[in-house]
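So you can see what is in the structure, the chains are spelled out below.
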Amino acid sequence: MTCAIREWRPEDKTALAATLNNPKVLDMLRDGLPNPYTEQDAEDYIRAMLSSDPDRVFAFAVTVGGEVIGSISVTRRDNIHYRTAELGYYIGEPYWGRGYMTSAVRQVCRLVFERSDIVRIFAEPFAHNAASCRVLEKAGFVCEGTMKSNAEKNGQIVDMKLYALVKE
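Residues numbered from 1 in each chain as written. Predicted model: local features only at pLDDT ≥ 70, side-chain atom pairs only at ≥ 80, totals over all residues. Heavy atoms only, no water.

Moving on, we get to the sheet that holds strand β7 (residues 156-166). Strands sit in the order β1-β2-β3-β4-β5-β7-β6 across an open sheet of 7 strands; the sheet is mixed. Of all the strands in the sheet, the pair left with one neighbour each is β1 (3-6) and β6 (142-153). Across the sheet, the mean angle separating the axes of adjacent strands is 25 degrees when strand polarity is ignored. Relative to strand β5 (residues 120-123), strand β4 (residues 84-91) is paired through 3 bridges, and the arrangement is parallel. What sits directly across from A85, in β5, is I121. (Pairing = 2+ DSSP bridges. Helix = DSSP H or I, 4+ residues; strand = E, 2+ residues; numbered from the N terminus. Axes fitted to C-alpha atoms, helices over the stretch in contact; angles between N-to-C directions.)

Quick look at the structure:
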């Protein structure tokens, strides 16, 4: 099966909440998400994404066979970086290692480059998240470097990598 990206729908809240209640998924994301992540939290997120500025936030559900398996977004930066955007994503553990996220990353980057004036999309995965780094590499992103001791996650100081894809 292939994956697709589509706009969020209110009924996606159950799948979204289930994915974000997995500690293995949360361990690879930035802090700040409610824990536990309720269906009300998911509903609030979906509502916020659907009402966001369509030239600033490109947020989508990642689906396989119509089922929501993850999330992906590209968010425009500000000031002198307004033509640069940050990519963020996650996928449910049962779908890891199947190429779905690489496909979703390719799809969202193509869409953002076609529909906006953004010329650079970047991502900052934890350096120890080899699977996420591989997703970015397979989608054509270039590793621009390692940011040493860049974050604290789960009580540990960790490195992060900086990847970017520039519009051709």
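Moving on from the coordinates now.
Moving on to the packing of helix α1 (residues 13-20) against helix α3 (residues 39-50). Two numbers describe how α1 lies on α3: the axes approach to 8 Å, and their chain directions differ by 115 degrees. By the angle between their axes, α1 is roughly perpendicular relative to α3. In this structure, α1 crosses over α3, and the sense of that crossing is right-handed. On α3, the residues that touch K13, T14, L16 and A17 of α1 are E39, A42, E43, Y45 and I46. Class assignment of the residues belonging to the contact of α1 with α3 gives a composition of 5 nonpolar, 1 polar and 3 charged. (Parallel < 35°, antiparallel > 145°, perpendicular 65-115°, else oblique. Left-handed = near helix turned anticlockwise from the far one by under 90°. Contact = heavy atoms within 4.5 Å. Nonpolar A, V, L, I, M, F, W, Y, C, P; charged D, E, K, R; others polar.)

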